[in-house]
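Summary of the model geometry
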Amino acid sequence: MSEEQCIEREDRFDIDETVYRNFNIKNKINIWHDIFNCSQAQVGDTLLILNQRIDTPFVVFKRLWEARPIHVCADGATNRLYEYLQEQQKFHELSGDVIREKYLPDFIVGDLDSITDDVRQYYSERGVVILEQHSQYATDFTKCLKLILLNANSKTFNNFLQNKKQEENLGIDSSHGLLDMCDDLRQHHTVLPHRVNVLALGAIGGRFDQTINSITELYNARRDNPEMTLTFLTDTDIIMLVASGGTSIEYSNPPLLPTNKVFRDYVLGNCGLLPIGEEVIVSQTYGLKWDVINWPSSIRSGRVSSNNRFASRDKCYIESDRDIVMNIEYYPDKLAEYVSM
């Protein structure tokens, strides 16, 4: 391996396009368009809500919800959605179920040991599909991801959805029906017909074991469901898995927005490249404050690129020999202003 390097850049600089064009870019991520705007959303793109308190500014939550056609709650997350919308209703001084009626999930999935009876009844009466799944070989998070794939790709599942709405649990086995249907789908399709992009709220935080399980799901989704892109949004960070090979991450200013509030400068903060689970050789980065070349990174060695940040004005390049977790800090209040422009 060639000599490792760490290069400190200026706080803001324009990349050399002739250099950038020579990179082997296999993947592209656009933070504004792929996460906050979703201007080209697919039919199966999903907002997944997990069981943590929702503190997202409502204007941001509204944007995330409206940008994705499918909405799924994992068991107790349904309580969180119900409570969050109730708070927003009081804040906006609206009576009745004005806001809650507008934000009904399409599916509630899990062993249903956390959702309260009154919340379950509320959503059941309004036609939300509630799927009980008791398999102990998968978390509620995993069951939701299986449901999302089936909803976008399985004719069998959609037949249940269309023809058996009056049957308990859609006629699907409540033990491990979704898992079995996903296994069957994989047996008939080497590559699934439709890709899905999933943005998950509430994946990080709370119990540490659940946080680690969420990180595990990033890797599982990449390995087992290559047609799925999974991203986490917390109160402070965007968290994603940057695939091995070369990836271009774009964060340029969206068109038609004021140039005095540049998206990168106004909304985004620090970032990190986090080699969770195994050593990752970061072959090259270009566009960060501290770029590296041939840099072995692992938790065990203590060589982790935290407190880095985007220095290039509009994009950066990351190449590594294995998938690596990346977090990107953002400022919720400033994002709320931005999406309101």
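Not measured: the values here are computed from a predicted model.

The rules we used
Position labels on residues start from 1 in each chain and follow its written sequence. Note on the predicted model: pLDDT of at least 70 is required for a residue's local features to be given, and 80 or more for side-chain atom pairs to be given and counted; whole-chain, interface and lining totals, by contrast, use all residues. Only hydrogens and water are removed before side-chain values are computed, so all heavy atoms of the structure are retained for them. Either an automatic procedure or a domain database provided the assignment from which the domain bounds are taken. Contact definition: two residues touch when any of their heavy atoms are within 4.5 Å. Buried surface area refers to the total accessible area, computed with a probe of radius 1.4 Å, that the two partners give up upon joining, counted for both partners together. When a carboxyl oxygen of Asp or Glu lies within 4 Å of a side-chain nitrogen of Lys or Arg, that pair is called a salt bridge. Definition of a polar contact: a pair of N or O atoms within 3.5 Å, with one able to donate and the other able to accept a hydrogen when the atoms are protein atoms, and with sequence-neighbouring residues admitted only if both atoms are side-chain atoms. Strands are runs of DSSP state E lasting at least two residues, helices are runs of H or I lasting at least four, and both sets are numbered from the N terminus onward. Patches here: salt-bridge-free residues with over 30% relative accessible area, like charges joined within 9 Å, nonpolar side chains (Val, Leu, Ile, Met, Phe, Trp, Tyr) joined within 5 Å. To measure how exposed things are, a 1.4 Å probe is used in the Shrake-Rupley method; for residues, cover is taken only from the protein chains shown. The sign given to each residue is positive for Lys and Arg and negative for Asp and Glu; His and the chain ends receive no count. For the purpose of locating charges, the reference atoms are NZ of Lys, CZ of Arg, CG of Asp and CD of Glu. Site definitions follow a grid-based scheme: protein atoms alone, a 1 Å grid, a 1.4 Å probe that fits but cannot get out for cavities, and for pockets an open set with protein on both sides within 12 Å along at least five of seven lines, plus lining residues having an atom within 4 Å of a point. Grid points are joined across faces, edges and corners, and a volume is the space filled by probe spheres set on the points. Throughout, the ten residues Ala, Val, Leu, Ile, Met, Phe, Trp, Tyr, Cys and Pro are labelled nonpolar, Asp, Glu, Lys and Arg are labelled charged, and all others, Gly among them, are labelled polar. Stacked, tilted and edge-to-face are the three classes assigned to paired rings of Phe, Tyr and Trp, where Trp is represented by its six-membered ring and a pair needs centres within 6.5 Å; plane angles under 30 degrees give stacked, over 60 edge-to-face, the rest tilted. Any residue under 20% of the maximum accessible area for its type is buried, any over 50% is exposed, and the rest in between are partly exposed; the area is computed with a 1.4 Å probe on protein chains only. Only when the NZ atom of a Lys or the CZ atom of an Arg is both within 6 Å of the ring centre and within 35 degrees of the ring normal do we say a charge sits over the ring. To qualify as a nonpolar core, a set must consist of buried Ala, Val, Leu, Ile, Met, Phe, Trp, Tyr and Cys residues joined through side-chain atoms within 4.5 Å. Every axis in this analysis is a line fitted to C-alpha atoms, fitted for helices over the stretch in contact. Angles between the N-to-C directions lie between 0 and 180 degrees. Any angle between 65 and 115 degrees counts as roughly perpendicular, while under 35 counts as roughly parallel, over 145 as roughly antiparallel, and the rest as oblique. A clockwise turn of the near helix away from the far one marks a right-handed crossing, whereas an anticlockwise turn of less than a right angle marks a left-handed crossing. Our arc is simply the arc of the directions from the helix axis toward the C-beta atoms.

Some points on the domain arrangement of the protein
- Its domain assignment divides the protein into domain 1 (1–41 + 236–341) and domain 2 (43–194).
- Its C-alpha centre places domain 1 at a distance of 31 Å from the equivalent point of domain 2.
- Contacts between the two partners involve 13 residues from domain 1, matched on the other side by ten residues from domain 2.
- Summing both sides of the interface, domain 1 and domain 2 together bury roughly 880 Å²; the carbon and sulfur share of this comes to 60%.
- On the domain 1 side of the interface with domain 2, the three residues burying the most area are Phe36, Ala41 and Val339, jointly 45% of the side's total.
- Our enumeration of links across domain 1 and domain 2 arrives at zero salt bridges.
- Inspection of the domain 1/domain 2 interface yields three residue pairs in polar contact (both at pLDDT 80 or more).

Some thoughts on the side chain of aspartate 111
- Counting through the fold element by element, aspartate 111 comes out in the loop between β5 (107–110) and α6 (117–125).
- Sequence-distant contacts of aspartate 111, that is, excluding residues within four places in its chain, are made with Asp75, Glu132, Gln133, His134, Asp140 and Lys143.

A closer look at a negative patch on the surface
- The grouping of Asp173, Asp180, Asp183 and Asp184 at the surface amounts to a negative patch.
- Residue placement: aspartate 180 occurs in helix α9 (residues 177–188).

Here's the deal with the layout of surface pockets
- Estimates place the volume of the largest pocket at around 870 Å³.
- Lining the largest pocket are 31 residues, with Lys28, Ile29, Arg195, Asn197 and Thr229 sitting closest to its centre.
- Where the lining of the largest pocket is concerned, the elements lending two or more residues are β2 (25–30), α2 (31–37), β7 (196–201), α10 (208–224), β8 (228–233) and β9 (237–242).
- Among the elements that line the lining of the largest pocket, the one with the most residues is β8, at four residues.
- Among the residues making up the lining of the largest pocket, the classes are represented as 15 nonpolar, ten polar and six charged.
- In this structure, the second largest pocket encloses a volume near 550 Å³.
- Asn51, Thr139, Asp140, Phe141 and Gln210 are, among the 24 residues lining the second largest pocket, the residues nearest its centre.
- Elements represented by at least two residues in the lining of the second largest pocket include exactly α7 (140–153) and α10.

Observations regarding the packing of aromatic side chains
- Scanning all chains against the criterion turns up 24 aromatic pairs.
- Each ring, one from tyrosine 251 and one from phenylalanine 310, has its centre 4.3 Å from the other, and the planes form 20 degrees; the classification is stacked. Of this pair, tyrosine 251 sits in the loop between β10 (245–250) and α11 (263–267) while phenylalanine 310 sits in the loop between β14 (305–309) and β15 (315–320), and the two are 59 residues apart along the sequence.
- Using a relative accessible area of 0% as the deciding quantity, one classes tyrosine 251 as buried.
- Phenylalanine 310 gets classed as buried once you look at its relative accessible area, which sits at 0%.
- Members of the aromatic cluster, connected to one another through ring pairs, are Phe13, Tyr20, Phe23, Tyr286 and Tyr317.
- Over the ring of tyrosine 266 we find lysine 334; its NZ or CZ atom is 5.4 Å from the centre of that ring.
- Over the face of the ring belonging to tyrosine 331 we find lysine 334, whose NZ or CZ atom lies 5.4 Å from the ring centre.

Considerations on the nonpolar core
- Among the nonpolar cores identified, the biggest contains 59 residues, and Ile31, Phe36, Phe61, Ile249, Phe310 and Met326 are the most heavily contacted of them.
- Among all residues touching isoleucine 31, those that are not within four sequence positions of it are Phe36, Ile238, Ile249, Glu250, Tyr251, Phe263, Leu268, Phe310 and Ile328.
- Core analysis: the next-biggest nonpolar cluster, separate from the first, contains 40 residues, Leu149, Met181, Met228 and Leu230 among them.

With respect to the packing of α7 against α10
- Between α7 and α10, whose axes approach to 10 Å, the crossing angle comes to 30 degrees. For the element pair α7 / α10, the angle class is roughly parallel. Read as a crossing pair, α7 and α10 show a hand that is right-handed. Across the interface between the two elements, Phe141, Thr142 and Leu145 of α7 pack against Asn213, Ser214 and Glu217 of α10.
- When the residues that make up the contact of α7 with α10 are grouped by side-chain class, the tally is two nonpolar, three polar and one charged.

So, unusual backbone geometry
- One non-glycine residue, asparagine 294, lies in positive phi territory at about 50 degrees.
- Structurally, the position occupied by asparagine 294 is in strand β13 (residues 290–297).
- In this model, asparagine 307 sits at a positive phi of 55 degrees, which is unusual for a non-glycine residue.
- Within the secondary structure, asparagine 307 is located in strand β14.
- What makes asparagine 307 exposed here is its relative accessible area of 55%.

Re helix α8 (residues 155–163)
- Residues Phe157, Phe160 and Leu161 constitute the buried set of α8. Down the axis of α8, the sector holding all buried residues measures 100 degrees, keeping them to one side. The outward face of α8, more than 90 degrees from its buried face, is lined by the exposed residues Lys155, Gln162 and Asn163.
- Packing partners of the buried residues in α8 comprise β5, β6 (129–132), α7 and α9.

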